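# A closer look at the structure
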Amino acid sequence: MQAVAEGYSLTEVLNAEPLPRRAAVQSLSFYVMRRLARGRALADLLLERGAPNPLMGSLLLTVLCLLSVEPAESADGQRPPRYEAHTLVSQAVTAAGQDKQTAAFKGLINACLRRYLREREALMAQAYLRSDVRWGFPKWWIRRIREAYPSQWESILASAAAPGPLTLRINTRKTDRDTVMQALQAQHIGATPIGQHGIVLDQAQPVGKIPGFEQGWWLVQDAGAQCAADLLPLTDGMRVLDACAAPGGKTAGLLMQAKVHLTALDIDEVRLSRVTENLLRLGLDHDGVILKTGNAARLPSWWDGQPFDAILADVPCTASGIVRRHPDIKWLREEQDIADTAALQRRIVAALWETLKPGGLFLYVTCSVFPQEGIEQEAWMRTTLPGAVSLPAPGQLLPGQGSEHDGFFYALLRKQDEKQTPDTSA
Ligand SMILES: C[S@@+](CC[C@H](N)C(=O)[O-])C[C@H]1O[C@@H](n2cnc3c(N)ncnc32)[C@H](O)[C@@H]1O
């Protein structure tokens with residue numbers, strides 16, 4: 001909680017947790033992140049002068065989020081942790097007593113929580129007057145989604161506030177979907193096929209317990225992300241660039257399609273090492289795969305001057321489309337990040353376009369639902385990049401209620417050979 005308040009991603013923090021307790025810490029922290037606005041509103045009402053220090057504030061927020069679980073919330077897919085109110089209060093007070101930053105505030109925590117239990121209805125009614133509490137998103141985020149999608153904004157926010165399903169992509173180099181479905185059935189794991197190569201599990205499971213993990217039969221990948229590989233028709237021997245590759249989910253999809261010469265580029269060396277791990281587990285690593293650390297927007301740092309036949313540009317984005325899997329994102333982002341990220345995406349795309357062969361294909365992807373990173377970028381690419389022609393692609397994929405995929409944007413462009421570019425000057 002404190003790391004997120006300081007601007008760190010929960011993914012990084014959780015990776016540093018010792019394995020035996022990581023799943024429990026993740027479950028609890030995700031639960032709180034999904035209800036953070038409510039916890040903050042209640043804490044504001046209970047602590048008129050604010051928290052005396054950040055640790056005490058985080059402890060109080062966490063317990064308020066857990067205490068204020070409502071019966072209907074058990075339907076949102078993530079079972080609320082079931083603790084009796086008196087257990088939560090007494091554990092919070094005990095925890096406060098165990099750290100010197102909070103020991104002096106044991107009495108204050110106890111008083112706040114007991115007041116919450118006494119005045120629950122009135123406090124909740126007051127908290128729910130705030131739109132961020134009702135929707136579980138920052139106010140600026142709600143406004144941006146409402147402006148962009150006037151008739152769908154409510155279903156987009158509602159679906160993004162709940163956890164997403166666990167979806168697998170079959171490694172077609174090793175097996176097929178029927179074989180994996182049968183293996184799941186044999187272990188009584190309910191599942192449904194999705195898209196061309198996907199399977200959605202009825203209930204999330206620890207990945208190590210799903211049949212085929214060791215054998216590399218599948219990787220965990222949202223159905224929306226699985227489209228990427230299918231949109232680039234690759235054939236053996238092509239020179240392909242995966243420009244923002246880590247941790248390698250889409251790289252794997254590309255390598256399943258054909259035996260291509262693939263350069264997997266990423267600015268982050270540590271994240272890039274996860275591409276290697278994933279490709280090794282899936283048996284997709286071969287001599288034609290090169291991993292490079294470099295800045296896609298600065299060609300001299302990594303490009304050898306040989307043009308590519310196809311480029312996947314899964315550019316850095318606000319990740320506003322995947323908040324149901326990463327509920328900390330909505331609290332880490334600021335409104336200005338949309339414009340800043342869109343500007344970075346343009347710098348990356350403009351540089352990458354130079355490395356594409358005439359006639360080559362360019363797939364632009366983001367996991368965002370903000371049009372500034374999607375449809376507006378496509379319009380800019382079409383009008384600015386020399387020889388750019390748009391080809392059919394899914395465009396904006398929106399998460400909606402009951403939808404089985406996250407929010408993504410896909411644009412597919414061809415770089416027209418200059419000789420073929422129609423002369424429109426006459
Ligand atoms: C959306 S993630 C890619 C996800 C990946 N394609 C997958 O399917 O697993 C974006 C990646 O871009 C990388 N990145 C950010 N800025 C970059 C830059 N200037 N050049 C290259 N990579 C960059 C980040 O480190 C991050 O790994």
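Because the structure is a prediction, the values reported are computed rather than measured.

### Quick notes on the site of the ligand
The immediate surroundings of the ligand are formed by 19 residues, with C244, G249, K250, A296 and D314 found nearest. When residues of the shell around the ligand are traced back to their parent elements, those giving at least two are α14 (249-257) and β6 (261-266). Taken together, the residues of the shell around the ligand break down into 11 nonpolar, 3 polar and 5 charged.

### Topic: the pairing of strand β7 (residues 289-293)
Consecutive side chains along a regular strand alternate between the two faces of the sheet. By the bridge criterion, 5 bridges tie β6 to β7 in an arrangement that is parallel. What sits directly across from L265, in β7, is K292. A crossover links β6 with its parallel partner β7, the connecting element being helix α15 (residues 269-282), and its sense is right-handed.

### A closer look at the UniProt feature "binding site: S-adenosyl-L-methionine" (unreviewed entry) in the protein
Residues given the UniProt feature "binding site: S-adenosyl-L-methionine" (unreviewed entry) here are C244, A245, A246, P247, G248, G249, K250, D266 and D314. In three dimensions, the annotated residues from a span of 71 residues occupy one location, with a maximal C-alpha spread of 13.1 Å. With respect to the helices, strands and loops of the structure, A245 is situated in the loop between β5 (239-242) and α14. Not counting residues within four places of it along the chain, the set of residues in contact with A245 comprises T251, A264, L265, D266 and V275.

### Looking at the UniProt feature "active site" (unreviewed entry) in the protein
The feature "active site" (unreviewed entry), as annotated in UniProt, sits at C367 in this numbering. Examined against the element boundaries, C367 turns out to sit in the loop between β9 (356-366) and α18 (375-384). A count of 25 C-beta atoms within 10 Å places C367 in the buried class. Ignoring any residue separated from it by four or fewer positions in sequence, one finds C367 in contact with C317, A319, G321, I322, D406, G407 and F408.

### Overview of the domain arrangement of the protein
Here the domain parsing of the protein yields domain 1 (2-134) and domain 2 (227-420). Taken over C-alpha atoms, the centre of domain 1 sits 37 Å from the centre of domain 2. Those elements that provide at least two residues to the side of domain 1 that touches domain 2 are α2 (10-15) and α3 (19-34). Residues that form the side of domain 1 that touches domain 2 fall into these classes: 5 nonpolar, 3 polar and 1 charged.

### Topic: the sheet that holds strand β4 (residues 218-220)
Overall, antiparallel pairing links the 4 strands, which are arranged β2-β3-β1-β4 in an open sheet. Only two strands of the sheet have a single partner each, and these edge strands are β2 (191-194) and β4. Looking at each pair of strands side by side, their axes are set apart by 30 degrees on average, direction ignored. Sheet topology places β2 next to strand β3 (residues 198-201); 4 bridges connect them, and they run antiparallel. Within β3, the residue paired with P193 across the bridge is I199.

### Some thoughts on the packing of helix α5 (residues 54-67) against helix α6 (residues 85-97)
α6 packs onto α5 with a crossing angle of 170 degrees between their chain directions and a minimal axis gap of 10 Å. With respect to each other, α5 and α6 are oriented roughly antiparallel. Contacts between α5 and α6 pair L59, V63, L66 and L67 from the former with A85, L88, A92, A95 and A96 from the latter. Here the contact of α5 with α6 is built from residues that sort into 9 nonpolar, no polar and no charged.

So, how was this worked out
- Residues numbered from 1 in each chain as written.
- Predicted model: local features only at pLDDT ≥ 70, side-chain atom pairs only at ≥ 80, totals over all residues.
- Near = placed C-beta within 6 Å.
- Helix = DSSP H or I, 4+ residues; strand = E, 2+ residues; numbered from the N terminus.
- Nonpolar A, V, L, I, M, F, W, Y, C, P; charged D, E, K, R; others polar.
- Pairing = 2+ DSSP bridges.
- Right-handed = clockwise from strand over helix to strand, strands pointing away.
- UniProt positions renumbered as here; feature names shortened; annotations may be inferred.
- Contact = placed C-beta atoms within 7 Å.
- Buried ≥ 20, exposed ≤ 12 C-beta atoms within 10 Å, placed from the backbone.
- Domains from an automatic or database assignment.
- Axes fitted to C-alpha atoms, helices over the stretch in contact; angles between N-to-C directions.
- Parallel < 35°, antiparallel > 145°, perpendicular 65-115°, else oblique.

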